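# Structural characterization, general
Next come the chains, spelled out residue by residue.
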Amino acid sequence: MPELPEVETVRRTLDEALRGREILGVAAITWPRTIAAPAVDMFCGVLCNRQIWGVRRRAKYIIIDLDNEDALVVHLRMTGRLLVVSEDEPVDPYTRVVLILNGSEHLRFRDVRKFGRIWLLDRAGLEQLDRQLGPEPLDPGFTAEALVNLLRGRQARLKPLLLDQRLIAGLGNIYADEALWRAGLHPLQTAGELNDEEVARLHAAITAVLADAVARRGTTLSDYRDALGEMGENQNYLAVYGRQGQPCPRCGTPVERVVVAQRGTHFCPHCQPLSSS
Ligand SMILES: [Zn+2]
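This text gives an overview of the structure that appears in the document. Everything numeric in this text was worked out from a predicted model, so none of it was measured.

### Quick notes on the sheet that holds strand E1 (residues 22-29)
With mixed pairing, the 9 strands of this open sheet are ordered in space as E2-E9-E5-E4-E3-E1-E7-E8-E6. In this open sheet, the two strands that pair with only one neighbour each are strand E2 (35-37) and strand E6 (80-86). Here the strands of the sheet are splayed against their neighbours by 30° on average, with no regard to which way each runs. The pairing of E2 with strand E9 (residues 117-121) spans 2 bridges and is classified as parallel. Bridge pairing in E9 links Ala 37 to Trp 119. In the packing of helix H2 (residues 40-47) onto the sheet, contacts are made with E1, E2, strand E3 (50-58), strand E4 (61-66), strand E5 (71-75), strand E7 (95-101) and E9, and the angle to E1 comes to roughly 155°.

Shown next, in the form of structure tokens:
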């Protein structure tokens with residue numbers, strides 16, 4: 001599933017392609033459940049002849065701001081892709097939504113597994129979404145002290161806590177595993193037991209792992225592509241994720257995989273000992 005670096009890469013490529021463009025209409029919605037809200041006929045009515053102000057990101061959501069202060073909000077989930085292509089490009093059977101742009105192009109939502117969702121939200125809806133999400137880990141306000149405050153007294157284990165979008169926005173399975181490895185912390189460590197130095201290490205690891213992956217335009221393991229259809233490069237730099245049985249890049253111990261909260265979790269048993277404090 002795309003996480004912060006992948007969604008941010010899609011956002012950047014989309015913003016370049018869409019800023020200032022007009023949505024002339026809706027050419028097709030072949031899987032109506034993709035449109036989570038409002039009803040499909042209302043969705044089409046509101047979108048017609050709207051100008052796009054720009055494309056932002058909040059957590060794993062792409063937010064396409066429109067000139068009436070509404071926004072198209074897209075969650076790619078497992079296999080969703082937003083693509084800006086010429087209207088002459090053949091529409092493949094996995095394309096669920098086609099919006100017509102000025103300049104003879106389409107904004108298409110392609111989604112093999114059909115878990116992706118699109119909302120058309122007004123300002124109140126956008127504010128409500130924002131309130132449900134934790135801080136952005138790449139924002140300057142996300143400091144080591146802020147993370148200390150977020151983790152203080154928490155009885156939950158680190159891995160599931162890092163995946164909780166209400167605590168920190170944008171981390172998923174890949175970058176949670178990579179950040180814990182970089183910080184030298186065990187995924188089953190109780191969050192509230194970390195001392196300030198360990199939290200500072202975790203904070204540095206989260207921001208570095210995410211910033212590096214943004215710079216490498218995301219991790220493409222299967223479906224993820226940016227809005228131009230290009231793959232990312234961060235899959236060539238993963239330390240533990242998906243590398244069970246292979247040597248830890250730091251110490252050579254084979255990487256282990258366990259299941260934590262129903263998610264495959266990868267770690268180095270030597271570099272990430274479970275400590276009791
Ligand atoms: Zn190691």
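### Points about the coordination of the zinc ion
Ideal geometry at a metal centre gives angles of 109.5 degrees when four donors are arranged tetrahedrally and 90 or 180 degrees when six donors are arranged octahedrally. Distances from the zinc ion to its protein donors, Cys 248 (SG), Cys 251 (SG), Cys 268 (SG) and Cys 271 (SG), fall within 2.2 to 2.4 Å. Each of the 4 donor atoms bound to the zinc ion contributes to angles spanning 99 to 113°, and the resulting shape is tetrahedral. One chain supplies every donor for the zinc ion, spaced along it as C-x2-C-x16-C-x2-C. One end of the pair, Cys 251, is in the loop between helix H7 (196-215) and strand E10 (256-260); the other, Cys 268, is in the segment after strand E11 (263-267), and 17 residues separate them in sequence. Taking relative accessible area as the criterion, Cys 251 reaches 33% and is therefore assigned partly exposed.

### Re the nonpolar core
Leu 147, Leu 151, Leu 162, Ile 168, Leu 202 and Ile 206 are the most contacted members of the largest nonpolar core, which has 31 residues in total. Of all elements in the fold, only helix H4 (144-151), helix H5 (158-163), helix H6 (173-183) and H7 reach the threshold of two or more residues within this core. Considering every element that reaches this core, the biggest residue donor is H7, with 8 residues. Once residues lying within four places of it in the same chain are set aside, the contact partners of Leu 151 are Leu 161, Leu 167, Ala 191, Gly 192, Leu 194, Val 199 and Leu 202. The next biggest cluster of nonpolar side chains, apart from the first, holds 28 residues, and it includes Val 74, Val 84, Phe 109 and Ile 118.

### Some points on the environment of Thr 265
Tracing the chain through its elements places Thr 265 in strand E11. Taking the C-alpha atoms as reference points, Thr 265 and Gly 20, 245 residues apart in sequence, are found 42 Å from one another. Polar side-chain contacts of Thr 265 include one of 2.8 Å to the side chain of Lys 159. For Thr 265, the side chain forms a polar contact with the main-chain oxygen of Arg 263, separated by 3.1 Å.

### A closer look at the environment of Asp 122
Tracing the backbone through its elements, the reader meets Asp 122 in the loop between E9 and helix H3 (123-131). Classification of Asp 122 by relative accessible area gives partly exposed; the value is 41%. Residues Asp 122 and Leu 66, 56 residues apart in the sequence, show an inter-C-alpha distance of 9.8 Å. In this structure, Asp 122 is in contact with Glu 69 and Asp 70, ignoring residues within four places of it in sequence.

### Focus: unusual backbone geometry
Most peptide bonds adopt trans geometry, and most residues besides glycine take a negative phi value. For the bond running from Ala 37 to Pro 38, omega is -5°, close enough to zero to count as cis. With respect to the helices and strands, the residue Pro 38 is situated in the loop between E2 and H2. Although it is not a glycine, Ser 104 adopts a positive phi angle of roughly 60°.

Definitions and cut-offs
Residues numbered from 1 in each chain as written. Predicted model: local features only at pLDDT ≥ 70, side-chain atom pairs only at ≥ 80, totals over all residues. Heavy atoms only, no water. Pairing = 2+ DSSP bridges. Helix = DSSP H or I, 4+ residues; strand = E, 2+ residues; numbered from the N terminus. Axes fitted to C-alpha atoms, helices over the stretch in contact; angles between N-to-C directions. Contact = heavy atoms within 4.5 Å. Donors = N, O, S within 2.8 Å, 3.2 Å for Na, K, Ca; no water. Tetrahedral: all angles 85-135°; square planar, octahedral: opposite > 155°, others 65-115°. Buried < 20%, exposed > 50% of the residue type's maximum accessible area, 1.4 Å probe, protein only. Core = buried A, V, L, I, M, F, W, Y, C linked by side-chain atoms within 4.5 Å. Polar contact = N/O pair within 3.5 Å; in protein donor to acceptor, adjacent residues only side chain to side chain.

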